[in-house]
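Remarks on the overall topology
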Amino acid sequence: MKPTNHDLSKITTNMIKEVYSGRPGCGCGCRGKYSTTKQAKTRILNVLKANPEKVRQHMGLDNEYIFALETEQRYRWVYVNLRKVKK
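The model shown is predicted, which means the values in this text are computed figures rather than measured ones.

For Arg83, the position within the fold is in the segment after strand 5 (75-81). For the pair formed by Arg83 and Glu64, sequence separation is 19 residues and the distance between their alpha carbons is 8.1 Å.

This is the structure in structure tokens:
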């Protein structure tokens, strides 16, 4: 995936397409859960914003980019629609 340089602090839940939270090893949903609820978006976005130095950014496949916080215990990903974000 291609790295990006968007400001995480400017991301709001309205810009988020979906979020993922799961155990390391896979991101298909077998070890975690994808969600589109406002509660899940808010929770995972807050975790990423609390650890901005550990967050990686990548271009996704469907006109989106991904903010990813991956630890030994948990993967947390935020998928953001590029049409809703300005650099």
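Let us look at the sheet that holds strand 2 (residues 32-35). Ordered in space as 2-1-5-4-3, the five strands form an open sheet in which the pairing is antiparallel. Two strands in the sheet have a free side with no partner beyond their single neighbour: strand 2 and strand 3 (56-59). In this sheet, neighbouring strand axes are inclined to one another by 15° on average, regardless of whether the strands run parallel or antiparallel. In the sheet, strand 3 pairs with strand 4 (residues 64-70) via four bridges, with the strands oriented antiparallel. By the bridge assignment, Gln57 is partnered in strand 4 with Phe67. Along the sheet, helix 1 (residues 38-50) contacts strand 1 (16-22), strand 2, strand 4 and strand 5; its crossing angle with strand 1, the most-contacted strand, is approximately 70°.

The subject of this paragraph is the side chain of Thr13. Tracing the backbone shows Thr13 in the segment before strand 1. Take Thr13: its relative accessible area is 15%, and that puts it in the buried class. Polar side-chain contacts of Thr13 include one of 3.0 Å to the side chain of Lys38. Discounting chain neighbours no more than four positions away, the residues touching Thr13 are Lys38, Lys41, Thr42 and Leu45.

Rules used throughout
Along every chain, residues carry numbers that run from 1 in the direction the sequence is written. Two thresholds apply to this predicted model, a pLDDT of at least 70 for residue-level local features and 80 or more for giving and counting side-chain atom pairs, whereas whole-chain, interface and lining totals are computed over all residues. To obtain the side-chain values, all non-hydrogen atoms of the structure were included, while hydrogens and water were left out. By the criteria applied, helices consist of DSSP H or I runs no shorter than four residues and strands consist of E runs no shorter than two, each listed in order from the N terminus. By definition, two strands form a pair when at least two bridges between them are found by DSSP. Structural elements are reduced to axes, namely lines fitted to C-alpha atoms, with helices fitted over the stretch in contact, and the angle between N-to-C directions of any two is expressed from 0 to 180 degrees. In this description, contact between two residues means that some pair of their heavy atoms is separated by no more than 4.5 Å. Partly exposed describes any residue whose relative accessible area lies between the buried limit of under 20% and the exposed limit of over 50%, with all areas from a 1.4 Å probe on protein chains only and scaled to the type maximum. Here a polar contact means two N or O atoms within 3.5 Å. Within protein one must be a hydrogen donor candidate and the other an acceptor candidate, and residues neighboring in sequence count only if both atoms are side-chain atoms.

Read these as spatial facts, not as claims about activity.
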